[in-house]
Amino acid sequence: MAHQLPQLSYLYNSLEPYIDSRTMEIHHSKHHNAYVTNLNNAIAGTDAENLSIEELCKNISKYPVAVRNNGGGHFNHSLFWKIMSPNGGGMPHGKLLDAIISNFGSFENFKEKFNAAATTRFGSGWAWLCVKSDKSFAVCSSPNQDNPLMDISECPGTPILGLDVWEHAYYLNYQNRRPDYISAFWNVINWAEVSRLFESAQ
Ligand code: MN
């Protein structure tokens, strides 16, 4: 069962002006597509072919670096597209907001922490909000296409929000201004999906 590039539930131009159409098109149809193709090639004919992308990440130390890079790329981008929406932005509410407040003191404190993780990740990588095994929250970042699900992660947990800070995610519109892209991201976060991921991580 080969991995497949997921369809987006919105159009490439739907996240404008925060994320431009051309960036979305190249990011999804070229970058993500290449991770899927390279992952399928890397696992062809091996036992890893029968694992879900989540199971693959959880056992990533057993596999070659091509599986780590492209499997991570596939998982991370699949999550990223889902946690954004043209109707996104604003604030989380309900149990998710309560948990953010109890873990970070306030939504604003959480936002500052997440922004700092995204801003200070040197080179290419991701910023995350994840649920740890003790059910508390962690904000962290990872290099390249690594993620908190991976058994090699320095911040293990279940990611429920992730931001791609590779230059390919923002350079066409924001050039070197990563902090502007990070600020814009808050306008497209799909909190309903983040809440769903939070509930299923409980
Ligand atoms: Mn990317």
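Preceding block: the structure.
Report follows, based on the coordinates. (Residues numbered from 1 in each chain as written. Predicted model: local features only at pLDDT ≥ 70, side-chain atom pairs only at ≥ 80, totals over all residues. Heavy atoms only, no water.)

Looking only at helices and strands, one finds eight helices and three strands in the protein. In sequence order, the secondary structure elements of the protein are arranged as α-α-α-α-α-β-β-β-α-α-α. What you see for the protein is a C-alpha radius of gyration of 16 Å, in line with the 17 Å of a compact globule of 202 residues. Principal-axis analysis of the C-alpha atoms gives the protein an extent of 50 × 40 × 30 Å. Expressed as a percentage of its 202 residues, the buried residues of the protein come to 49%. Long-range pairs, those at least 24 residues apart, make up 69% of the contacts in the protein between residues at least 6 apart in sequence. (Helix = DSSP H or I, 4+ residues; strand = E, 2+ residues; numbered from the N terminus. Rg over C-alpha atoms; globule rule 2.2 N^0.38 Å. Buried < 20%, exposed > 50% of the residue type's maximum accessible area, 1.4 Å probe, protein only. Contact = heavy atoms within 4.5 Å.)

Put simply, the largest pocket is a space of about 410 Å³. What lines the largest pocket is a set of 20 residues, among which Glu54, Phe75, Leu79, Lys82 and Leu197 lie closest to the centre. Looking at the lining of the largest pocket, the elements with two or more residues in it are α2 (53–58), α3 (65–82), β3 (158–164) and α8 (191–200). Sort the elements by how many residues they give to the lining of the largest pocket and α3 lands first, with six residues. Tallied by class, residues from the lining of the largest pocket come to 10 nonpolar, seven polar and three charged. Within this model, the second largest pocket holds a volume of roughly 160 Å³. Around the second largest pocket, the lining residues are Arg68, Arg121, Cys140, Ser141, Ser142, Pro143, Asp146, Ile152, Ser153, Glu154 and Cys155. Top contributing element to the lining of the second largest pocket by residue count: strand β2 (residues 137–143), with four residues. (1 Å grid on protein atoms, 1.4 Å probe; cavity = no way out; pocket = protein on both sides within 12 Å on 5 of 7 lines; lining within 4 Å. Points joined across faces, edges and corners; volume = space filled by probe spheres on them. Nonpolar A, V, L, I, M, F, W, Y, C, P; charged D, E, K, R; others polar.)

Around the manganese ion, the protein supplies His27 (NE2), His77 (NE2), Asp164 (OD) and His168 (NE2) as donor atoms, at distances of 1.9 to 2.1 Å. Considered as a linear motif, the donors of the manganese ion on their single chain read H-x49-H-x86-D-x3-H. On the basis of relative accessible area, Asp164 is assigned to the buried category, the value being 0%. (Donors = N, O, S within 2.8 Å, 3.2 Å for Na, K, Ca; no water.)

By secondary structure assignment, the location of His27 is in helix α1 (residues 21–43). Within the structure, the side chain of His27 is placed 3.0 Å from the side chain of His168, a separation counted as a polar contact. Once you skip the residues sitting within four places of it in the chain, His27 turns out to touch His32, His77, Phe80, Trp81, Asp164, His168 and Ala169. (Polar contact = N/O pair within 3.5 Å; in protein donor to acceptor, adjacent residues only side chain to side chain.)

Following the criterion strictly, the structure yields four salt bridges and no others. Between Arg22 and Glu25 there is a salt bridge, with its nearest N and O atoms 3.8 Å apart. Linking Arg22 with Glu25, this pair stays in helix α1, spanning three residues, or about one helical turn. (Salt bridge = Lys/Arg side-chain N within 4 Å of Asp/Glu carboxyl O.)

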